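Next come the chains, spelled out residue by residue.
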Amino acid sequence: MKRSALLVVLCLGIFNSGFALAQNRPGLINERDAQRAGLKIQWTSAVEVAPTLGKISGLYLHISDKHSTTTFEIEYGGTVEVNALVAQAKGTDAEKQKAALARLAVISARHFGQQNMENLDERAKSYADQVKQPSTIREVISQFGYGRNGRQLGIAGAEQAAKDRQYVLQVGRGIISTMKKFVTPKITLYVSTSDGVVQSIDGATGKKLWATSIGKREFSTSAPVANEEFVAVTNGSAVHCLRTDTGKFIWKHTCKAAPGGPPAISEDFIFVPLVNGFVDAFPLWDQTDRKDIVEKRKFAEPDEDKSESRLAYEKAIKETRLARYGRLNRRVSKHMSIKHFVSAGAAMNRPIVTKKTTSWPTLRGHYNVGSNSRDNIGKMRYRLKTGGPIRASGAYYKNHIFVGSTDGFVYKLDERDGSLAWSLGLGEPISQTPVPVGDAVYAISDDMGLFKIDLQDGNLNARWPARVADIRSFIGASKDRLYLLNNLGQMVILQQETGAEVARFSTNSQDLKLYNLKTDRLYVGSKDGTIQCIREINSNHPYIHSSFGDSKTTTPAKPPVKPAGEGNPFGEKKENNPFNKGAGKKDDGKKKKEGNPFKGG
């Protein structure tokens, strides 16, 4: 009997210790710590790695400027409804005032008449605090949702469905709701592993889309890079090109020397930095036929409501893509016209590619900027010479390039002509990429000091501490916060405006992080194969930083309209029903054709 009891105790102890280890694996953030800091774990995903020596080599986040999802969110309940009722009660419509006050009376379990309008805001707030209301309810209707006829709603259909739902809530239950429109770009996370596997993960859900094995396991594999149609990664001295939609292998080519850093990509070329100072440019298009393909793909965006136009557009795109891939495969088998940029010193970092330029640093202390046009590819435009090696890539923001050097200076260059807008000496070597956010540039020194520099004049920000100590690296930024790691491996959260510390917590020796200045999502985890996506609790949709274009978010102020259909399910229109006034009327305003909201400056 004693042996059985002892065995049970030992088993429970092993189970509990194993559970504790699982909850505190290196690189993972605890849910409770995240909540205390105002954060939420969006998803956790496992990456395929070799069971023994496999590690994650690198991450790359791609934000599409061609594919997006439009959703309409309806919120009601809690203080959302109370605030809407207060606004209606303070309006000029007597019938709506009466209905709003009656609804407030029901919510607060007290009745007060229409005549008593004093201190309405304070009273409504106190009622909301006193009465146990349900938490805010959020209903989401997507353009990719399906209607009763089994077809996808589309943008117009989703908007009408959201208005119909508002109408049902208001007429049937007397609930006032708010509606918001969100346009969110498609976000994809690409992962490469040390055993030569490239994987694609949905950035919104963490779902694995595909995985492709490339090269040889014994060769070093770089971090990936991607545009709308292609993924590039180096394995050993070869660069591999894959398709973004399926992960299908397209071609590979050998570089003239060993790659020094991860590749970069534009619409036309893959750029690979080499240890001899060269940057190889591999064409994505068969340049002789590129003009014909581009002309064939100049189709107007089809109307969402016209299925024939949509099908014709997709068919034409598919045909030109197939032709393009066929020409690529034939051309690789013969000869690929590779261009080269030449610079002094080893190029050990990913180049920065914009619409006009390709730029990269070298260990000799030069920051090199070359032309990115098809006709002038391989030609240098200008070069910045600093007083020490440059160990990190530059940052591009608002038509300027920001460079940090081990000589202790941060430089701001005009991308067009290379003129120096300003330079600031911090007195400490800088081996990390400067971080431009909002109206400031943040720099982290090798002595673990964080500095905030005004974007325009290049001076230290007067509202910030002169130096925030013990900051090791940058992780990400939201609209008003910075997320960093300190020298103890803790995540430190600072207010962008003042530098005040919001929170800090342990990340259990986190060894994987994505330098993300595209969205407010934090991608962290363990190189052993686990990735977490973390967001702020109230950030249901990703905030796109200004260098990539902010997400379109609108709040229609119009009252819900009568649903399109056979009639009012709640009966015929009554003269004394304040919610039927104006129902069914069409909007007379002119519709504006929306452009692409994601292309940044």
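Quick caveat, the model's predicted, so the values are computed rather than measured. (Residues numbered from 1 in each chain as written. Predicted model: local features only at pLDDT ≥ 70, side-chain atom pairs only at ≥ 80, totals over all residues. Heavy atoms only, no water.)

## Section: the side chain of Asn486
What counts, and what does not: Every helix listed is a DSSP run of H or I at least four residues long, and every strand listed is a run of E at least two residues long, numbered separately from the N terminus. For every residue, the accessible area (1.4 Å probe, protein chains only) is compared with the maximum for its type, and the residue is labelled buried under 20%, exposed over 50%, or partly exposed between those bounds. By the criterion applied in these results, polar contacts are pairs of N or O atoms within 3.5 Å in which, for protein atoms, one can donate a hydrogen and the other can accept it, and in which residues neighboring in sequence qualify only through two side-chain atoms. Only heavy atoms enter the contact rule, under which two residues are in contact if any of them lie within 4.5 Å.
Of note, Asn486 is situated in strand β28 (residues 481-486). For Asn486, a relative accessible area of 3% gives the class buried. There is a polar contact of 2.8 Å between the side chain of Asn486 and the backbone nitrogen of Gln490. The residues contacting Asn486, other than those within four sequence positions of it, are Asp470, Ile471, Arg472, Val492 and Arg504.

## A look at the sheet that holds strand β17 (residues 366-371)
Rule in force here: Strand pairing requires that DSSP identify at least two bridges connecting the strands.
Strand order in the open sheet formed by 4 strands is β15-β16-β17-β18, with antiparallel pairing between adjacent strands. This sheet does not close on itself; its edge strands, each paired only once, are β15 (352-353) and β18 (380-385). Here β17 runs beside β18; their pairing, made up of 5 bridges, is antiparallel. Within β18, the residue paired with Tyr367 across the bridge is Leu384.

## Brief notes about the pairing of strand β9 (residues 238-243)
The element β9 is extensively covered by neighbouring structure, given that 6 of its 6 residues are classed as buried. Burial along β9 is two-sided: the face carrying Ala238, His240 and Leu242 and the face carrying Val239, Cys241 and Arg243 are both buried. Sheet analysis places strand β8 (residues 230-235) next to β9, joined by 6 bridges and oriented antiparallel. If you follow Thr234 over to β9, its bridge partner there is Val239. Following β8, the chain reverses through 2 residues before pairing antiparallel with β9; Gly236 in that reversal takes a positive phi of roughly 65°. Sheet topology note: the β9/strand β10 (residues 249-254) ladder contains 5 bridges and is antiparallel. Bridge assignment links His240 to a residue of β10, and that residue is Lys252.

## Overview of the confidence of the model for the chain
Put simply, the rule is: The pLDDT value tells you how sure the predictor is about a given residue, anywhere from 0 up to 100.
On average, residues of the chain score 79 in pLDDT, and 72% of them reach the 70 mark or higher. Contacts for the low-pLDDT stretch residues 109-117, under 50 throughout, to residues beyond four places or in other chains number 19 contacts. Every residue in residues 329-334 scores below 50 in pLDDT, and together they form 6 contacts with partners more than four places removed in sequence or on other chains.

## Comments concerning unusual backbone geometry
For Lys398, which is not a glycine, the phi torsion comes out positive at approximately 55°. Inspection of the secondary structure assignment puts Lys398 in the loop between β19 (395-397) and β20 (400-404). Even without being a glycine, Asn399 presents a positive backbone phi close to 65°. Mapped onto the fold, Asn399 is located in the loop between β19 and β20.

## A look at the environment of Gln490
Of note, Gln490 is situated in strand β29 (residues 490-495). Separated by 19 residues in the primary sequence, Gln490 and Ile471 place their C-alpha atoms 9.5 Å from one another. Side chain to side chain, Gln490 and Arg504 meet in a polar contact 3.4 Å long.

## Overview of the packing of aromatic side chains
As a reminder, the rule being used: Aromatic pairs are defined between Phe, Tyr and Trp rings, using the six-membered ring for Trp, whenever the two ring centres lie within 6.5 Å; interplanar angles under 30 degrees are classed as stacked, those over 60 as edge-to-face, and all others as tilted.
Under the definition given, this model contains 10 aromatic pairs. With a centroid separation of 6.3 Å and an interplanar angle of 50°, the aromatic rings of Tyr190 and Trp210 are classed as tilted. Of this pair, Tyr190 sits in strand β4 (residues 178-193) while Trp210 sits in strand β6 (residues 208-213); the two residues are 20 residues apart in sequence, bridging distant segments of the chain. An identical accessibility class is assigned to Tyr190 and Trp210; each is buried. Within the aromatic cluster, the residues linked to one another by ring pairs are Phe269, Phe271, Phe341 and Trp360.

## Focus: the nonpolar core
This is how it is decided: Side-chain atoms within 4.5 Å are what join buried Ala, Val, Leu, Ile, Met, Phe, Trp, Tyr and Cys residues into a set we call a nonpolar core.
In terms of nonpolar packing, the biggest core is built from 26 residues, with Trp251, Ile270, Phe282 and Leu284 touching the most fellow members. Counting only elements with at least two residues in this core, the list comes to β7 (225-226), β8, β9, β10 and β12 (269-273). No other element matches β8, which puts 4 residues into this core.

## Section: a nonpolar patch on the surface
We count it as follows: A patch is a set of surface residues, each over 30% in relative accessible area and not in a salt bridge, joined within 9 Å for like charges and within 5 Å for the nonpolar side chains Val, Leu, Ile, Met, Phe, Trp and Tyr. The protein chains shown are the only cover counted for residues, whose accessible areas, like all others here, come from Shrake-Rupley with a 1.4 Å probe. One speaks of a salt bridge when a side-chain nitrogen belonging to Lys or Arg is within 4 Å of a carboxyl oxygen belonging to Asp or Glu.
On the surface, Val275, Met348 and Leu363 cluster together into a nonpolar patch covering about 210 Å² of accessible area. Structurally, Val275 is set in the loop between β12 and β13 (279-283).

## So, the side chain of Thr71
With respect to the secondary-structure elements, Thr71 resides in strand β2 (residues 56-76). Its relative accessible area of 8% is what places Thr71 among the buried residues. Every residue in contact with Thr71, bar those within four places of it in the chain, is listed here: Val140, Ile141, Ser142, Lys180, Lys181, Phe182 and His541.

## A closer look at the environment of Asn227
For Asn227, the location among the structural elements is in the loop between β7 and β8. With relative accessibility at 12%, the residue Asn227 sits in the buried group. When the C-alpha atoms of Asn227 and Ile63 are compared, they prove to be 8.6 Å apart, with 164 residues separating the residues in sequence. A polar contact of 2.7 Å, which involves the side chain of Asn227, links it to the backbone nitrogen of Phe230. Side-chain polar atoms of Asn227 contact the backbone oxygen of Ser266, separated by 3.0 Å.

## Observations regarding the sheet that holds β28
The strands making up a sheet associate through backbone hydrogen bonding, with each pair oriented either parallel or antiparallel. Convention followed: To obtain an axis, a line is fitted to C-alpha atoms, over the contacting stretch when the element is a helix, and the angle between two such axes runs from 0 to 180 degrees between their N-to-C directions.
As summarised here, the arrangement of the 4 strands in space is β27-β28-β29-β30, forming an open sheet in which the pairing is antiparallel. Each having just a single partner strand, β27 (471-477) and β30 (501-506) make up the two edges of the open sheet. Here the average twist between neighbouring strands, direction ignored, is 25°. Taken together, the 5 bridges between β29 and β30 define a ladder with antiparallel strand orientation. Paired with Ile493 across the bridge in β30 is Ala503.

## As for the pairing of β6
Note that strand β5 (residues 197-202) and β6 share 5 bridges and pair antiparallel. Bridge pairing in β6 links Gln199 to Ala211. Between β5 and β6, which pair antiparallel in sequence order, lie 5 residues; one of them, Gly206, sits at a positive phi of approximately 80°.

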